[in-house]
Structure formats: structure tokens, C-alpha cells
Amino acid sequence: MAFGNVPTPLGDMLAAVTEDGVAGVGWSHRSAGLKEHMLERLRLAEVDDPARTAPVLEELAEYYAGRLRIFGVAVDWRLTSPVQRRVLGTLYETVGYGKAVTYGELAARSLTGVPARAIGSIMGANPIPIIVPCHRVVAGNGLGGFSGGEGVESKRWLLTLEGYLQPTLDWD
């Protein structure tokens, strides 16, 4: 597994890429032990392969710059269970840039029988945030939670970047 970092307005992001695709993405400041966890779970060795990580790092940089709306990099779903894969896959395939879905709507769309409350746990355990856009899942009465970046404020920033939320006067 190859690792690379990219600076973003929400902090540096670490990307983990296998031969099959992106297996993990996380904010470096919140990801202590992330490398070791992924290597252990997938039973892979770390390799130095900038050519493998370059495409995802470039796409993440383009996304944060507001120039990329659809990620084209392959996703390696091995760090997800079958149920997580179904829910996250439904999100990935059906909720595009600038759109959002409620926890309940995603539960219904995924056809898994997972209740809306459990969808939040699946979003919180998403190993590939931003690319698999868990920030686009909102509560029926507000933004809901977010475990990435700086929490809900990062979710608000991402949804503003995508145009789902209107920018405030201090947004940059």
C-alpha cells in the first residue's frame, strides 16, 4: 500500500492506495495510527510508489480548489463490511456534487434494512471520506454530525464548497 499527503483548506489529508484503488483517506491531524491500522487490516506492506498515489492526490487537490466534481480514481472497498459497502456504494453512486440526502433517505435507497440511526455510524466509519462523500448525508432537521476534519464545521465548509449551502460572509 502506498501513502501520500495533500494539503487542503481543512488540513493535510493522507491517502492510502492499493494496487486496486484508494482504500483510505483521512485528515492527517486526526489520523494517528491510520497507516498502521490500514496495513494491518489489509495485511499489506507499505511501498514507496508516488506514481500510485499521484492520481488521488491530484484529484483531491482539484476537488478542494473547486475544479473537480466527480472523482475518477478507482476505489478499493476492502476496508468495508458488505453492509457498509452497500450503504457507502449507494451514497457514492447516487448522491452527486452539490446534492445531499438525509440519513433516512440513504437508509431507504440502500435497501439494506439498516435504520437511519445506524447510517450515521456507517458514515462515521467511512474509510474513504470526500471521495465517498459522507459529508453529503444530513439530518432531516440540520447538518447532522461529521467525524472528519474539524467536525461539523468541516462538513459545513464542504457543503458550501459544493454549493449545497450558501456561503456566509466569512467563508473563504
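Residues numbered from 1 in each chain as written. Predicted model: local features only at pLDDT ≥ 70, side-chain atom pairs only at ≥ 80, totals over all residues. Heavy atoms only, no water.

The next point concerns the packing of helix α4 (residues 103–110) against helix α5 (residues 116–124). At a minimum axis separation of 8 Å, α4 and α5 run at an interaxial angle of 90 degrees. One finds that α4 runs roughly perpendicular with respect to α5. Note on element contacts: α5 touches α4 through Ala116, Ile119, Gly120 and Met123, opposite Tyr103, Gly104, Leu106 and Ala107. Taken together, the residues that form the contact of α4 with α5 break down as 6 nonpolar, 2 polar and no charged. (Axes fitted to C-alpha atoms, helices over the stretch in contact; angles between N-to-C directions. Helix = DSSP H or I, 4+ residues; strand = E, 2+ residues; numbered from the N terminus. Parallel < 35°, antiparallel > 145°, perpendicular 65-115°, else oblique. Contact = heavy atoms within 4.5 Å. Nonpolar A, V, L, I, M, F, W, Y, C, P; charged D, E, K, R; others polar.)

This brings us to α5. Note: α-helices contain 3.6 residues per turn, so residues at a spacing of three or four share the same orientation. Within the span of α5, buried status applies to Ile119, Ile122 and Met123. Buried residues in α5, looked at end-on, bunch into an arc of 100 degrees, giving them a common side. Looking at α5, the residues exposed on the side facing more than 90 degrees away from the buried face are Arg117 and Ser121. For α5, the secondary structure elements touched by its buried residues are α3 (82–94), α4 and β5 (137–138). (Buried < 20%, exposed > 50% of the residue type's maximum accessible area, 1.4 Å probe, protein only. Arc of directions from axis to C-beta.)

Read from one edge to the other, the open sheet built from 3 strands follows the order β1-β2-β3, with strand pairing classed as antiparallel. Unpaired on one side and paired on the other, β1 (2–6) and β3 (22–27) mark the two borders of the sheet. The mean inter-strand angle of the sheet, taken between neighbouring strand axes irrespective of direction, is 20 degrees. Sheet topology places strand β2 (residues 13–17) next to β3; 5 bridges connect them, and they run antiparallel. Among the inter-strand pairings, methionine 13 is bridged to a residue of β3, identified as tryptophan 27. (Pairing = 2+ DSSP bridges.)

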